[in-house]
Each structure stands twice: as C-alpha cells, then as structure tokens.
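So you can see what is in the structure, the chains are spelled out below.
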Amino acid sequence: MIAPEEIDWVNRAKLGDRDAFGLLVQQYWQPLCAWLGRLAGHRQQGEDLAQEAFLKAWVNLSQLHEPRAFRVWLFRIARRLLHSTGIGDRSQGLLRHIPADQPPPADCIVEKEGTNRLAEEIASLPTHYREIYLLWVQDEWTFSELAEALGLNEATARWRVHKARQILLERLKDWLAQES
Amino acid sequence: MRNCSAIRAILYECRTTDELAPAIREHLQGCASCRQLARWLHKLDQHTQMLLRNHRSSVPLGLVECLHRTAQPTSKPSRLAILLKLAIGFMEKSLRLHWLIGAACLSFVLGLALGWIIKPEPQATVQVHFPEHGKPLLIAVARHVSELSQGTLWDRHRKFALLNRELQNEAIRNIFGGCDQIPQLAYWYRRVWWEGTRSLYDRLPAEEQHLAQKLLRQDWDSGRRELAKITTPTLAQQEAIGLIGTMLAESEDSLTQQKKAFHPLAQLEPSTPAERMIHTSLALLRHEDPYQQALIHNELAKTIVQSIIFMSDSAQHEQAAELGECFNLVLTQGVASNLDKAEKETPQRPEFNELRQNTLQLTQILERHLQQGNSASQKGLQRAIEVSRQGRGRLLGKGPAWKKFDDWSEKGFKRPPGWEKKQ
C-alpha cells in the first residue's frame, strides 16, 4: 500500500521537483536493488539496472497518470529492463555468488549455512516463480499489484506465489523443521 | 468444516494467519499438520525477507542530480532533434513547398552552428594519484588498534593520530570511487579526533605537544595537496572535497585556537568491521580498570576473527595473515596481560576465567572453519592460526615462548630442558 506522502512526492516530481524525486529514490532504491540483485544474480548488475530504471522513470514520469501506481510502474520498468538485457533469464544458479555485505558474526555460522541454502534454493527456482515470490515476500504487495507489475492476471499471480512457496517448502523442509 | 488440502491451498497464498477467516483459524487450532505448515511458511518468508534485507545498498551520493543531468538534452544530437521538432511544427502550419525546403535548410544550418558553438559540458578528468599502494582501511585500522594496549601516552596519541590519517586518506580515495562513503568516514574521523587524538594531546607534556602538532600538520597538508590536484571535479566530488576540507579545518582550529569544545555528534552505529574496531578502541580510553580493558579487547578480538574469516573466504590470504598477527597481539597484550594484572589485584574471581574461556573460543572458531572451509579459504586461515598461536598459549597460561638460539648467551637465561643432551 502506497503512503499518502508518496502520492504527494510523485505529484511534485511530475511537476519537476527534483527533491521529491530524490525522496522516491530514497524510498525504493533498497527494495528495487535487492530484487534486481537477486534476479540478476549479481549485486552490481542489480544496482546498475536500478539506476537505469530510475532514469527511465524520471524521464517518463509525465506519462504516469495514476500517482498511486508509482511503485508498480517503477518495478514494471525495472523488469522490462532486466528482460531486455537477458540477464534475468541466464542468471539461474549465479545467486549463490553474491557476497555478504559484512563478515558474518562469529556466532552465526550455523545460521549462515541455512541462509546460504535458502539463497541457493531461491536461485534454482524458475525465473517466473522467483521474481514473483521475491516481490511478494519483501513488501506488502497485493496480488493485483503483483499481476500488474509482472504483466499477468491475478489468478496466475496467485498460482505462481503458491507454487514458488510450495517448491521451496518441499526442498527446505528438513531445515525448517530444525529451525522450529 | 473444510478438509486439510483446501486449507493448505489457502495457506500457500496468504502472508499471515491473521488474514484468514475465523473458520480456517479454528481448523488450524485443531489440526497439528496444517498448523505446522503455516508455521513453516511463516519461517520461510521471514528468512527470505532477511536475505533481501542483508542485500544492503545505499543510494549513490548525487544520483538524483546525475539522473537529472543525464535526462537533460545537452548532447549535439538532442539539440538537433529539438530544432527538427520545431521545424516540423512550423512545417505543419505552412504547407507550401518552398517554405518547407527553406525551413529544413535553415534548421539544418542552425543545428550545425549551435552544435559547434555550444560545446557539450566538459567531463570531469579524474586521475587517481593518491595513495596507490595504501593498505585497505580494515587492515590499517586493525594494525593500529591492536597496538593500543602497549606503549606510553605518546604512543597511544600517535596511534589515534595514525587512525585519523588512515580515515582522511580513505575519504580522499573515496572521492574517486563514487563519494558514497565520505559522510561515514568524516563522522568516524571526527569521533577519533575529539575522543582520541585531541583528548590525549592535552595530556602530553609541552615539548611532545610541539612535536605532535608538527606531525599532525604534515598529515593535513598532504591531504590538502591531494585535494588540490582534482582540477575539474563533478558536483558530487565538489561536495565531498568541501566536507573533507571542513573536517581538516575543524581539527586544525581545535589545536591552533585551543578549542576544546566538542559538539556532540549524532550517534551512528558502526556498520563495517573497521568502524566497529574504531568504536571499540575509543571505549578503551574510557576505562582504566584492567578487567574492563580485557573485556573490550575481547570485543576487538571478536571483530578481528570475523574479518579473518571474511578475508580467507574471499581468498585474501596475505591480509588474513596480517589480521592474524593483530589477533595475536590483542590476545597477548590486550586480553591475557590485562587479565594477569586484574588477577594480581583481586585474585580468584570467576569472571576472569569465564572471559579467558570466551576468548579461547574465538581461536576454536578459526580452527573449526579451517576444518570445514574449502581449499581456497584454508590457506589464509592456516596462516592466521599459525601467527596467533602464541596468543593462545598465553591465554592458556603457558607463559612466553623460548627465546631464539642467539639470545641464550644472555646473562641468567635458562636453556630449555634436554638442550645440552641434544647438542
């Protein structure tokens, strides 16, 4: 759900207010980079794509009629960029090479192993399941927003989230049982 | 009552059980396997969220400005495109052929002329002069911080001054690398300056203060010289240069004008291992009690161990070994000798032993990693463990190692048992 102040930022940015667009960048940089990084399989590529997506958004902001839909519109641009470069389609299995930001705390070694396994399993998901699941899980996206961002109908979006979670659960059952 | 398979299909499509209808929640209370599925799904989502949050990335400094500039029509083809657009608009209004041809020719000539007269904005020419062979910040910080436990007041003052110099150099290096780290580096520079270098400077005798000032001035001057070499900086680089200039001026003014006032900085949590080490080392200045000092050194040792693992995982063996040396120093000079001092003052306190065991566990973590790690990371870990062996022995109470053969002739020094027989 988009916050009321974000609608105001979008309206101001449409009028050419750079600071308002800066606030939007601040708001969506992290989730967009995380999503693209995980889909592209490489952090740097994710950041490059995010930068390009924001540039496209800034240039074409006047074409956005409904400020409420900014988030969906931005992610749709990012997805189109990802697919146009072909990175998203060939990134399967590369995800495990994304290095962590910092060295892991010494007492979190076991946790790190579990997280690595989760990252590997997510990386091995087919792209159409991966992109929707990562988007669904990271923020309060509704199925209709997901469908719009990814160019699907709502029932397909529901089915893909269902399937992605089912596959992951099947593969990580033992680890989740240990965790519980 | 619905059956389990229908309930499960619903569970796979919802985020939390709070979203569910009361009838389904009632079913969950009665059915253990469905409840477990809901719990596992929740856990799975939580871990995935954490995975995405770990993927931290800050907005590059000046990105919006850069986007705005990129979106402006500054290049020659764009200017030409605007002129053509204007010409087409004009043509649509007046459909006569000779007008059309005339307008096309005019716009072509104008386009060429404007493109030639209005030069595109010059690109910043950035050349990296500075310091090309410097050590990474993490290693340099670990080196200085691990040596803080030994030496005189002057030595400690110099260590903090060197930390200041490393942070200043790193900030200057970052001007060429995107300027994104400069606000954090400036923050830690100021903290080290006011809490470490400056406060210890006041406690130095007058003649040492004179020398300290001379050395500090050399560092500031070299920083300013490097900043002056950047001839055509971009907007983000201009901002960064301004920030570093202010930072240096603040420290210089505090000495020349005898300013002692420290405007409290907004508390920033350390986010990188180097920042954590600096944060911990500043805590050393606030405590005189040997047990507290040992505790803080234990914290320092934890951060160094994490860094060793990180370095060896990324196959940086030399740096892992160098960190191993720092780890050794922290174990011997920081933890073990402070604990010995504390035990002399108040013997037989259980927390001393607890701390000793706690620190020993850090060496075990390194060893466990050596056994589990892949061949690429093993080399660095092995070297780090080798160089930190003395510190481990010291913690176990083995005392200092035997001196080398050449030193045995020293007066009153014992030879190891069985040495003569071996000869």
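Computed from a predicted structure; not experimentally measured.

Novice: Any chance you could break down the environment of arginine 356 of chain B for me, citing the residues and the numbers?
Specialist: Take arginine 356 of chain B: it is sitting in helix H15 (residues 350-372). Not counting the four nearest positions on each side in its chain, arginine 356 of chain B is found in contact with Leu339, Asp340, Glu343 and Leu395 of chain B.

Novice: Break down helix H8 (residues 153-175) of chain B for me, citing the residues and quoting the values.
Specialist: With 23 residues, H8 of chain B ought to run about 33 Å at 1.5 Å a step, and its terminal C-alpha atoms sit 34 Å apart, in line with that. H8 of chain B sits mainly inside the fold: 17 of its 23 residues count as buried.

Novice: Outline the pattern of salt bridges, listing residues and values.
Specialist: Residues and elements named next belong to chain B. With the rule as written, the count across this model stands at 24 salt bridges over all chains. Aspartate 202 serves as the salt-bridge partner of arginine 198, at 2.6 Å between the closest nitrogen and oxygen. Of this pair, arginine 198 and aspartate 202 both sit in helix H9 (residues 182-202), separated by four residues, roughly a single helical turn. Of the charged contacts in the structure, one is a salt bridge between arginine 224 and glutamate 252, with a shortest N-O distance of 2.8 Å. Of this pair, arginine 224 sits in helix H10 (residues 206-228) while glutamate 252 sits in helix H11 (residues 235-256), and the two are 28 residues apart along the sequence. The exposure class assigned to arginine 224 is partly exposed, which follows from its relative accessible area of 31%. The exposure class of glutamate 252 is buried, given its relative accessible area of 17%. In the salt-bridge network here, residues are joined through shared partners; they are Arg217, Asp221, Arg224 and Glu252.

Novice: Report on empty space enclosed by the protein, specifying residues and quantitative values.
Specialist: Residue and element names in this part refer to chain B. One pass over the full model with this rule turns up four cavities of 30 Å³ or more. Size it by volume and the largest cavity reaches roughly 60 Å³. Together, Phe327, Thr363, Leu366, Glu367, Ile385, Ser388, Arg389 and Arg392 line the largest cavity. Elements with a minimum of two residues in the lining of the largest cavity: H15 and helix H17 (389-395). Here the residues of the lining of the largest cavity sort into three nonpolar, two polar and three charged.

Novice: Which residues make up the confidence of the model for chain A, and what are the values?
Specialist: Residue and element names in this part refer to chain A. The pLDDT averaged across chain A works out to 80; a share of 83% of its residues lies at or above 70. Least confident of the elements in chain A is helix H5 (residues 87-90), whose mean pLDDT is 55; most confident is helix H9 (residues 154-171), at 90. Segment residues 90-102 is flagged for pLDDT under 50; beyond a separation of four residues in sequence, or across chains, it makes 38 contacts in the model.

Novice: Help me get a handle on the packing of aromatic side chains, residues and values and all.
Specialist: Residues and elements named next belong to chain A. Taken as a whole and assessed by the stated rule, the structure comprises eleven aromatic pairs over all chains. Aromatic pair tryptophan 136 and phenylalanine 143: ring centres 6.5 Å apart, planes at 25°, arrangement stacked. On the basis of relative accessibility, which here comes to 2%, the residue tryptophan 136 falls in the buried class. An aromatic cluster is present here, built from Phe21, Trp29, Phe54 and Trp58 joined pairwise through their rings.

Novice: Provide a residue-level description of a nonpolar patch on the surface, including the pertinent values.
Specialist: Taken together, the side chains of Phe108, Val109 and Leu112 of chain B make up a nonpolar region of the molecular surface, amounting to roughly 320 Å² of accessible area. Looking at the secondary structure, you find leucine 112 of chain B in helix H6 (residues 97-117).

Basis of the calculations
Here the residue index of a chain counts from 1 through its sequence in written order. Throughout, the order in which chains and ligands are written sets their labels, letters from A for the former and numbers from 1 for the latter. Selection of residues for local features in this predicted model requires a pLDDT of at least 70, selection of side-chain atom pairs for listing and counting requires 80 or more, and totals for whole chains, interfaces and linings are taken over all residues. Derived side-chain values reflect all non-hydrogen atoms in the structure, with water molecules and hydrogen atoms excluded from consideration. Numbering goes from the N terminus for both helices and strands, where a helix is a DSSP run of H or I of at least four residues and a strand is a run of E of at least two. Residues are treated as being in contact if the distance between any of their heavy atoms lies within 4.5 Å. Expected helix span is given by 1.5 Å per residue-to-residue step, counting one fewer step than there are residues. In this scheme, a residue with accessible area under 20% of its type's maximum is buried, one over 50% is exposed, and one in between is partly exposed, where area comes from a 1.4 Å probe on protein chains only. The rule for a salt bridge is simple: a side-chain nitrogen of Lys or Arg has to be within 4 Å of a carboxyl oxygen of Asp or Glu. A 1.4 Å probe that fits into a set of points on a 1 Å grid over the protein atoms alone but cannot get out defines a cavity; an open set with protein on both sides within 12 Å along at least five of seven lines defines a pocket, and lining residues are those with an atom within 4 Å of a point. Grid points are joined across faces, edges and corners, and a volume is the space filled by probe spheres set on the points. Note that Gly is not counted as nonpolar here; it falls among the polar residues with everything else outside the nonpolar set of Ala, Val, Leu, Ile, Met, Phe, Trp, Tyr, Cys and Pro and the charged set of Asp, Glu, Lys and Arg. Here pLDDT means the predictor's own confidence in every residue, given as a number from 0 to 100. Centres within 6.5 Å make a pair out of two Phe, Tyr or Trp rings, where for Trp the six-membered ring is used; the pair is then stacked when the planes are under 30 degrees apart, edge-to-face when over 60, and tilted otherwise. Residues enter a patch when their relative accessible area is above 30% and they make no salt bridge; the linking distance is 9 Å between like charges and 5 Å between nonpolar side chains (Val, Leu, Ile, Met, Phe, Trp, Tyr). Here the Shrake-Rupley method, with its probe set to 1.4 Å, supplies the accessible areas, and only the displayed protein chains count as covering residues.

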